[in-house]
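# Examination of the molecular architecture
The primary structure of each chain is shown beneath.
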Amino acid sequence: MNILIFAPNGGGKGTQASLIKGKYNVSHIESGGIFRENIKGGTELGKKAKEFIDKGDLVPDEITIPMILDTLKKPENAGGWLLDGFPRNKVQAEKLDEALKAAGMKLDYVVEIKLDREIAKGRIMGRRLCENDNGHPNNVNIDVIKPDGDKCRVCGGALSTRADDQDEAAINKRHDIYYDEENGTLASAYYFKALADKGETKYIVLEGDAPINTVKEALMKALD
Ligand code: AMP
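Because the structure is predicted, anything quoted here is derived from the model rather than measured.

### Considerations on the site of the ligand
The immediate surroundings of the ligand are formed by 17 residues, with S31, R36, D57, G85 and Q92 found nearest. At a separation of 2.6 Å, an oxygen atom of the ligand approaches a polar backbone atom of D57. V59 is positioned such that a nitrogen or oxygen atom in its backbone is 3.0 Å from a nitrogen atom of the ligand. Out of a free accessible area of 480 Å², the ligand has 98% covered by protein chains. With four residues, the single largest contributor to the shell around the ligand is helix α2 (residues 31-40). Partitioned by chemical class, the residues of the shell around the ligand number five nonpolar, six polar and six charged.

### A short note on the packing of aromatic side chains
Taken as a whole, this structure holds two aromatic pairs when the rule is applied. Ring plane angle 85° and centroid distance 5.2 Å describe the contact between Y178 and Y179, whose orientation is recorded as edge-to-face. Overall, the relative accessible area of 4% leaves Y178 in the buried class. With a centroid separation of 5.3 Å and an interplanar angle of 70°, the aromatic rings of Y191 and F192 are classed as edge-to-face.

### Digging into the sheet that holds strand β6 (residues 138-139)
If you walk across this open sheet you meet the three strands as β6-β5-β7, and the pairing is antiparallel. On the outer flanks of this sheet lie β6 and β7 (159-160), each paired with one strand and no other. Of the pairings in the sheet, the one linking strand β5 (residues 127-130) to β6 comprises two bridges and is antiparallel in character. Counterpart to R127 in the pairing with β6 is N139. Along the sheet, helix α6 (residues 117-126) makes contact with β5 and β6, crossing β5 at roughly 40°.

### Examining the packing of helix α5 (residues 90-103) against helix α8 (residues 185-197)
Relative to each other, α5 and α8 sit at 40°, their axes nearing to 7 Å. Judged by the inter-axis angle, α5 sits oblique to α8. Classified by chirality, the crossing of α8 by α5 is right-handed. Contacts between α5 and α8 involve K90, A93, E94, L96, D97 and K101 from the former and A187, S188, Y191, F192 and L195 from the latter. Taken together, the residues that form the contact of α5 with α8 break down as six nonpolar, one polar and four charged.

### Quick word on the side chain of T71
Secondary-structure assignment places T71 in helix α4 (residues 61-72). Each residue touching T71, except ones within four places of it in the same chain, is listed here: I29, I34 and N77.

### Let's talk about the nonpolar core
If you look at the biggest cluster of nonpolar residues, it comprises 30 residues, and the most contacted ones within it are L4, L72, W81, L83, L96 and F192. Contributions of two or more residues to this core are made by β1 (2-6), α2, α3 (44-55), α4, β3 (81-84), α5 and α8. Setting aside residues no more than four positions away along its own chain, F192 makes contact with L4, F6, P87, A93, L96, D97, L107, V110, T201 and Y203. Counting residues in hydrophobic clusters, the runner-up holds 17 residues, among them A7, Y109, V111 and I204.

### Let's talk about the confidence of the model for the chain
Taken as a whole, the chain shows an average pLDDT of 94; of its residues, 100% reach a score of 70 or greater. When pLDDT is averaged over each helix and strand of the chain, the minimum, 90, is found for helix α1 (residues 13-24) and the maximum, 98, for α8.

Quick notes on the rules
- Residues numbered from 1 in each chain as written.
- Predicted model: local features only at pLDDT ≥ 70, side-chain atom pairs only at ≥ 80, totals over all residues.
- Heavy atoms only, no water.
- Near = heavy atom within 4 Å.
- Polar contact = N/O pair within 3.5 Å; in protein donor to acceptor, adjacent residues only side chain to side chain.
- Areas by Shrake-Rupley, 256 points an atom, 1.4 Å probe, with all protein chains shown as cover.
- Helix = DSSP H or I, 4+ residues; strand = E, 2+ residues; numbered from the N terminus.
- Nonpolar A, V, L, I, M, F, W, Y, C, P; charged D, E, K, R; others polar.
- Phe/Tyr/Trp six-rings, centres within 6.5 Å; stacked < 30°, edge-to-face > 60°.
- Buried < 20%, exposed > 50% of the residue type's maximum accessible area, 1.4 Å probe, protein only.
- Pairing = 2+ DSSP bridges.
- Contact = heavy atoms within 4.5 Å.
- Axes fitted to C-alpha atoms, helices over the stretch in contact; angles between N-to-C directions.
- Parallel < 35°, antiparallel > 145°, perpendicular 65-115°, else oblique.
- Left-handed = near helix turned anticlockwise from the far one by under 90°.
- Core = buried A, V, L, I, M, F, W, Y, C linked by side-chain atoms within 4.5 Å.
- pLDDT = per-residue confidence, 0-100.

Written out as structure tokens, the structure is:
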């Protein structure tokens, strides 16, 4: 099964992705996570991406698009994927659609999690990253995934914050990009909604202000 997931930054897409990837046996491909791995590893790609990420800007399409299209074609992702964080603008949506069609890959579902901008902002600022696993959700502003003191609630690993999560200007910029229905991320989601209207894929809308488990159950019901 191949799935695209959209939500504003802080909207819970990473959390939902980590909850469902096992059940559907899909690789969770997270564009922001690939960049962070590269930054951590000190690669050329990481060095180029960091200056954009720190400011909340998009990493240029010339870097991001081939990086994601190459990842989708890797043998370890042939069993299905859940793509999170890409596409984020209309050009990326068009390139992804073209590449999937050229590779004969079906896009089974497109998921949009809706969430108010102010709520999303509070969640971003509360988010904590586990040193052992990106998929361990911890958030000091969400009761059910509150960290265990200053440690990961899943594995006890050390927690840190992302620099771009504590910088209000960077958060606002990321949200300006997300909520832009003309050229931004919502425009790219609506690109796929139009394909769903033609029967090429299925488009699922979820309300992101519900508790994590309610969103998860609604998502699983829609995917089954
Ligand atoms: P995220 O973890 O999804 O919030 O992504 C963190 C940052 O990585 C974003 O603010 C962008 O700077 C960069 N990034 C992630 N995905 C993309 C994308 N599809 N296109 C361009 N930049 C991206």
